[in-house]
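Single-letter residue listing:
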Protein chains: 2
Amino acid sequence: RPESIYNQLLKMVLHLQWLEKKHFIQLSDQRQQLEEEKHTQSICEQEDYLDHLICKMVNVLQSGATSGLECQVYLPYLDSRDGVRSGQKAKVLQLSDFEPAFFSHNLSNHGADICFVTLKVLDYNAYQGDKFHEDKNTLGFINLGTSEKLCIDLMIERLCQSDMNHIEDALQQNPDWKGQSEEVAQFLTYYCRAPARLDPENVVVLNGCCFVFSVLAMVLCDPREGFLVPSPFYGGFAFSSGLYAKVELIPVHLESEITEANTCPFQLTMDKLEQTLLEAKSKGERIRGLMLTNPQNPLGDIYSQDSLIEYEFAKKYNLHAIIDEIYLLSVFDESITFHSVLSRASLPDPLRTQAIRGTGKDFLSGFHFDALYTHNREVASAVGSFGYLHSISGINQHKLSQLLHDREWINKVYLLTNHSWLWNAHRYITNKLKELKILFLYCGADLCIWINLKKDLDPCTFEERLLHHCFLDNKLILSCGKTYICEETGCFCLIFAEIKLAMLQFCQVLQDQKQSWIEKQLENTIKE
Amino acid sequence: RPESIYNQLLKMVLHLQWLEKKHFIQLSDQRQQLEEEKHTQSICEQEDYLDHLICKMVNVLQSGATSGLECQVYLPYLDSRDGVRSGQKAKVLQLSDFEPAFFSHNLSNHGADICFVTLKVLDYNAYQGDKFHEDKNTLGFINLGTSEKLCIDLMIERLCQSDMNHIEDALQQNPDWKGQSEEVAQFLTYYCRAPARLDPENVVVLNGCCFVFSVLAMVLCDPREGFLVPSPFYGGFAFSSGLYAKVELIPVHLESEITEANTCPFQLTMDKLEQTLLEAKSKGERIRGLMLTNPQNPLGDIYSQDSLIEYEFAKKYNLHAIIDEIYLLSVFDESITFHSVLSRASLPDPLRTQAIRGTGKDFLSGFHFDALYTHNREVASAVGSFGYLHSISGINQHKLSQLLHDREWINKVYLLTNHSWLWNAHRYITNKLKELKILFLYCGADLCIWINLKKDLDPCTFEERLLHHCFLDNKLILSCGKTYICEETGCFCLIFAEIKLAMLQFCQVLQDQKQSWIEKQLENTIKE
């Protein structure tokens, strides 16, 4: 495949970014020797501006599309909304970062921001229109990037049974805004192994797991406040908290390397949490909560099997602890015991502990039926009031209720099959990865595997986004570490899907890449 | 029924409000004679504060519930966020009006605001738990306040047919964010009588008509900008535009009385539009659009059968024209020809004309399937990006597509029955109203009738909210004019539902009310 102009441009800018960084490091070394304070400050400002401008260019190019929006390059200091970033802020993609980049005659500033940030979604739209199909479209996109295809035949069979099509009067009208809370409470009591019956009054159902998080951000934070989130984490959360609530996610960076402080890869410790919190506070950030996904997404690992450090940390600093357990029923390794937050007989600060339970990953992503469980009636009431605009249609409420109620089927048919499917996929992928000598994180839950392709990155830039685009050019969709706000470079996430075919394509791309670098280096050597 | 303490309190405050207003009118007369400029200003400020404080008390009492939230009365001038209102702003309920009224230890300021504004929803929740049923709950609430029960049996019958239960792979997964745009475009082309085939690329489907409006407010306006809306209008729009976008709705007040300028009741004229726009601009408001519901909600009338003044006005002042045609298929009077905005061969400013088409009123409110049609690709793209959090579940996409596709059934079965049902309901209610000598607005569309009960208001306060609470105390839900931001007092909206029973109860309440006033006045006469 010929390389697109866009890809060539991206490579150039990335190289520029790399050069710039190298140059700055040198400058910074010199400065330390010279200790000329005043001069230093003006250099720092210039550097920050350059850095910011380049970041913007990379983002524009990465989005791959600017149709309908005019790009405006602002001069430093001329725009009060932009100004020069001090470089001190934690780098999470925020809507406000793009404020001055785009201008539209038809949309408001806010509208143009939203449009730009979501341009990245175009990859996914391209996939929707050109999906791989074994008979109909053998050259289509293979998706290792979103967890969908799981046991779908089984689910469809169940959804076609006669009990699903009962349509009650009440369900066709404006349904109860708080959703099918009775059924959800029973489901959670059973599958989260709650010590006592969970109260339906504490349940709120809304259409979408990310949206539940978005609403929590709105009712717990005021604009410009923030949540701590161990990274890597699912990037959709940053979009969700930024869109309406303007709440920032501050990453608590976890490392893969095992050290004295880090007894296992990506370990979350009280030290790391406190350090990030104090750093954020020293920069004037107001932190209102800690957000966790357990089992972790994308690592597939499990938090605090024995300890409650996250909850103790949250209580100590008066933070809300928000736990998203969307992979609750996807723990396929039976040797692992997963403890739901709702299984704890006593929590350090129950009124500030909010559990999100989505159905999109364990069941089907097309349902849009996701619940909040909170012991805090004020939070339940505030979140519940969003049902006015965002409740679930009665048809879906009924189908999901029937499904959640049918434990016989869930336990004996669905989970058995699903877990064995997950085990097999996991085994197949990890065997392939071992063959390819690719580092991966062992996990016993979740629908994906976290891998490290650092050794396969372009040796000139060490830029994972280039490799990511190579995969895309070969119609293989998979997410790179940057999407998960991962600090380490070269990480990718393989989500279980059409795995056999996908792994073949995956190997092929890596091999082609290596071949092309070798050829390029040979060429360079000959020139020299 | 004994009167609740809350109702007694409300009466007292309303009386206080009435007294205060009377007093202020007297003062203002004196001021005009004295012309003491400086003194006047300080009096005005005091009055505005008093007025604002009393409004707040009324709102608190009206909400009927303050559980979990602490009410704080702020002193004047001490809170910078509140301050004294100048009294110049158009009075539409805004979230920000309540900022200082409530305080919560668990929620953010924003969260507490949302919680407070939606406390009013409690009426509806009480209804959900205690609905009238002819066998099971004969003492339950009768709903003349939300348009639901329409031809529901017919719809359920159709939804239970076999074509509805086909479940495709793709529908169970993350559905296309732009929704079933092909089917919707065909449906709109046919039922809106478009002069040419409408383009699916211009369609965006989201879950909820109010939410589509909410998103339009977000992408067309920046916070604190506004839309003009002819009033009375559906109050949910003010909530929808305020919640995320912080966009204000500025009412263009229409009058029922026929005058030289007003050749028919509630006439919208270029003069009124321009006057409101100029007034708003002079107060520093930035207006970005004009919002219309056509056929009108709640008046049931139809805008511009022959003229295009709304569109010409919008073009003249560079405003977006947003047209909500949720009652498109509910024009039951065959002598009326309704022109959809999409039927116009040429519009003054097509890029700034946005059509919203919901299915909730013509079909079923439980669907949550509502579309935007726009010729402006930038707007389509910005609105479409909200599909990430708010797309329709695949199950519903399929059902609605099947339904919208089945024109044979819609035309020959559904609409025929529905229109004849609407005619009969309309005839029944208007006959009753004539018997009771109650003024009403004749309409040939919509699911409701706009009535004037001014002569049935308490002669001491002329306060429609008291009568509204009497209806509620007698388990009859109907909406008063204030809910529709109507300037005239004593207006109510009767929505077609269990009409026969409801009208009996309605007559009874009015009669009881009259009796109690007569008794009270007799008592007062005896005391004197």
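Relevant structure appears above.
Position labels on residues start from 1 in each chain and follow its written sequence. The lettering of chains begins at A and the numbering of ligands begins at 1, in the order of writing. Whole-chain, interface and lining totals are the exception, using all residues; otherwise, since this is a predicted model, local features are given only for residues with pLDDT of at least 70 and side-chain atom pairs are given and counted only at 80 or more. With hydrogens and water stripped out, all remaining heavy atoms of the structure feed into the side-chain values.

**Student:** Tell me about the sheet that holds strand β11 (residues 439-440) of chain A, and please be specific about residues and values.
**Tutor:** Residues and elements named next belong to chain A. Within the open sheet, the four strands sit side by side as β11-β12-β15-β14. Their pairing is antiparallel. The open sheet is flanked by β11 and β14 (479-480), the only strands paired with a single partner. By the convention used here, strands pair only if DSSP detects at least 2 bridges between them. Secondary structure elements are defined from DSSP: runs of H or I of at least 4 residues count as helices, runs of E of at least 2 residues count as strands, and each element is numbered from the N terminus. Direction of pairing for β11 relative to strand β12 (residues 448-452): antiparallel, over a ladder of two bridges. In the strand pairing of β12, Phe440 is matched with Ile451. Strand contacts of helix α15 (residues 407-435): β11, β12 and β15 (491-495), with the helix running at about 10° to β12, the strand carrying the most contacts. The contact criterion used is simple: two residues touch if any of their non-hydrogen atoms lie within 4.5 Å. Fitted lines through C-alpha atoms give the axes, limited to the stretch in contact for helices. The angle between two N-to-C directions lies from 0 to 180 degrees.

**Student:** Give a description of the environment of Cys491 of chain A that names residues and reports values.
**Tutor:** Residues and elements named next belong to chain A. Looking at the secondary structure, you find Cys491 in strand β15. The buried label applies to any residue whose accessible area, calculated with a 1.4 Å probe on protein chains only, is under 20% of its type's maximum; exposed applies above 50%, and partly exposed to all values in between. Cys491 sits in the buried class, given a relative accessible area of 2%. Taking the C-alpha atoms as reference points, Cys491 and Asp271, 220 residues apart in sequence, are found 24 Å from one another. With residues up to four places along the chain from it excluded, the contact list for Cys491 reads Trp450, Ile451, Asn452, Glu464, Cys480, Gly481 and Cys486.

**Student:** I'd like to hear about the state of the cysteines, residue by residue, with values.
**Tutor:** Chemically, a disulfide is nothing more than a covalent bond linking the sulfur atoms of two cysteines. When two cysteine sulfur atoms lie within 2.5 Å, the pair is treated as a disulfide. Under the criterion given, the structure shown has zero disulfides over all chains. The closest cysteine sulfur to the non-disulfide-bonded Cys160 of chain B is located on Cys160 of chain A, 14 Å from its own sulfur. Cysteine Cys448 of chain B is unpaired, with the sulfur of Cys493 of chain B as its nearest cysteine sulfur at 3.6 Å. For Cys448 of chain B, a relative accessible area of 2% translates into the label buried.

**Student:** With reference to specific residues and values, describe helix α10 (residues 270-282) of chain A.
**Tutor:** Residues and elements named next belong to chain A. Expected span of a helix: the number of residues minus one, times 1.5 Å. Taking 1.5 Å per residue as the helical rise, α10 with its 13 residues ought to reach 18 Å, and the 18 Å between its terminal C-alpha atoms agrees with that figure. Here α10 has its buried residues at Lys272, Leu273, Glu274, Thr276, Leu277 and Ala280. On its buried face, α10 is in contact with β5 (226-231), β6 (248-253), β7 (287-293) and α11 (309-316). Directly after α10, the chain includes Gly284, whose backbone phi takes a positive value near 85°.

**Student:** Residue-level account of the packing of aromatic side chains, with values.
**Tutor:** Under the pairing criterion, centres of Phe, Tyr and Trp rings, with the six-membered ring standing for Trp, must be within 6.5 Å; the plane angle then separates stacked pairs below 30 degrees from edge-to-face pairs above 60, leaving the rest tilted. One pass over the full model with this rule turns up 32 aromatic pairs over all chains. Judged by centre distance (5.6 Å) and plane angle (85°), the ring pair of Trp450 of chain B and Tyr484 of chain B falls under edge-to-face. Taken together, the residues span a long stretch of sequence, with Trp450 of chain B in strand β12 (residues 448-452) and Tyr484 of chain B in the loop between β14 (479-480) and β15 (491-495) at a distance of 34 residues. Grouping aromatic residues by their ring pairs yields a cluster made of Phe187, Tyr190, Tyr191, Phe363, Trp409 and Tyr414 of chain A. Should the NZ of a Lys or the CZ of an Arg lie within 6 Å of a ring centre and within 35 degrees of the ring normal, that charge is described as sitting over the ring. Looking at Lys475 of chain A, its charged tip hangs above the ring of Phe141 of chain A, at a distance of 5.2 Å from the centre. The cationic tip of Arg407 of chain B hangs over the ring face of Tyr190 of chain B; the distance from NZ or CZ to the ring centre is 4.4 Å.

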